[in-house]
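The chain contents come next:
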Amino acid sequence: MIYRFRIILDTEEDIFRDIEIEQTATCEDLHNSITQSFGFDGTEMASFYISDDEWRQGEEIALFDMGEGQTPLRTMIETPLEEVLSEDQTRMIYVYDFLNLWTFFVELGEIAEVEDGKSYPNLMYVHGQIPAQAPEADFSGDEDDFDEDDPFADEDDDYDIEDYDGLDFDENWN
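Residues numbered from 1 in each chain as written. Predicted model: local features only at pLDDT ≥ 70, side-chain atom pairs only at ≥ 80, totals over all residues. Heavy atoms only, no water.

Peer 1: Can you help me understand unusual backbone geometry in this one?
Peer 2: Peptide bonds are, in most cases, trans, and in most cases residues other than glycine have a negative phi. Cis rather than trans, the peptide bond between Tyr 120 and Pro 121 has omega equal to 0°. Along the chain, Pro 121 turns up in the loop between strand E7 (102–112) and strand E8 (122–127). The residue Asp 97 is not glycine, and still its phi comes out positive at about 65°. One can find Asp 97 in the loop between strand E6 (91–96) and E7. The exposure class of Asp 97 is buried, given its relative accessible area of 7%. A positive phi angle, near 55°, is found at Leu 101, a position not held by glycine. Here Leu 101 is to be found in the loop between E6 and E7. (Helix = DSSP H or I, 4+ residues; strand = E, 2+ residues; numbered from the N terminus. Buried < 20%, exposed > 50% of the residue type's maximum accessible area, 1.4 Å probe, protein only.)

Peer 1: I would appreciate a short explanation of the environment of Glu 13 in the present structure.
Peer 2: Tracing the backbone through its elements, the reader meets Glu 13 in the loop between strand E1 (2–9) and strand E2 (16–22). Once the C-alpha coordinates of Glu 13 and Gly 128 are considered, the two residues, 115 residues apart in sequence, prove to be 7.8 Å apart. Within the structure, the side chain of Glu 13 is placed 2.9 Å from the side chain of Thr 11, a separation counted as a polar contact. (Polar contact = N/O pair within 3.5 Å; in protein donor to acceptor, adjacent residues only side chain to side chain.)

Peer 1: Just checking my understanding: could you explain the sheet that holds E1 for this structure?
Peer 2: By way of backbone hydrogen bonds, the strands of a sheet pair with one another, either parallel or antiparallel. Strand order in this open sheet of eight strands is E5-E4-E3-E6-E7-E1-E2-E8, and the pairing throughout is mixed. Because the sheet does not close on itself, it has two edges, and the strands there are strand E5 (74–75) and E8. Here E1 pairs with E2 via seven bridges, running antiparallel. From the neighbouring strand, Arg 4 faces E2, where its bridge partner is Glu 20. On the sheet, helix H1 (residues 27–38) packs against E1, E2, strand E3 (46–51), strand E4 (57–62), E6, E7 and E8 and is oriented at approximately 145° with respect to E2. (Pairing = 2+ DSSP bridges. Contact = heavy atoms within 4.5 Å. Axes fitted to C-alpha atoms, helices over the stretch in contact; angles between N-to-C directions.)

Peer 1: Which parts of the structure should I look at to understand the pairing of E4?
Peer 2: Each regular strand carries side chains that alternate between the two faces of the sheet. Summarising the sheet, E3 and E4 pair through four bridges and their orientation is antiparallel. When the sheet's bridge partners are listed, Ser 47 is paired in E4 with Ala 62. Connecting the antiparallel pair E3 and E4 is a turn made up of five residues, with Trp 55 showing a positive phi of about 65°. In the sheet, E4 pairs with E5 via two bridges, with the strands oriented parallel. Bridged to Ala 62 within E5 is Thr 75.

Peer 1: Hey, could you run me through the packing of aromatic side chains in this one?
Peer 2: Where two aromatic rings form a pair, the distance of their centres and the angle of their planes describe that pair. Under the counting rule described, the total for this entry stands at nine aromatic pairs. Ring centres of Phe 38 and Phe 104 lie 4.7 Å apart, and the angle between their planes is 55°; on these two criteria the pair is classed as tilted. Highlighted residues: Phe 38 in helix H1 and Phe 104 in strand E7, separated in sequence by 66 residues. Comparing Phe 38 with Phe 104, the two get one shared label, buried. With 5.8 Å between their ring centres and 45° between their planes, Tyr 94 and Phe 104 make a pair best called tilted. Of this pair, Tyr 94 sits in strand E6 while Phe 104 sits in strand E7, and the two are 10 residues apart along the sequence. One cation-aromatic arrangement involves Arg 17 over Phe 38; the distance from NZ or CZ to the ring centre is 4.4 Å. (Phe/Tyr/Trp six-rings, centres within 6.5 Å; stacked < 30°, edge-to-face > 60°. Lys NZ or Arg CZ within 6 Å of the ring centre and 35° of its normal.)

Shape descriptors only; they carry no functional weight alone.
This is the structure we're talking about:
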């Protein structure tokens, strides 16, 4: 089967690419297709993030596992697309170049039959030109994102220095 994607640059202008790729291809294959279709050289770090219908960032699938933690990261080369995407799970966020934060919305639009004589991955459609610089990232969030169960959340953003008195930072500071 073939996955048909629309990859949209997170910017005010409509800039997107439609790509089709084998369902058995890896996330690294999709990463390479995206970088080539948008004109990047592919030498920067990148990650996919599985996301929900509201585009909330979930599990990371990294180009390389550079973490030193006990839990290894999932890597693109080891993760087939069919393992993370389906008719029910259709969205991922793709971030390329962590210094500039080129951010893309990746959506699985269709699962189709392989066409004889066609090679994959295939760039189906190009719309818009990528700007010279990455669009500015907006990390402000929505006011509706306030979580009453989060002990660190503060709806009024009123921080009281006395809340931090018992943390004893000075005792463990080198």
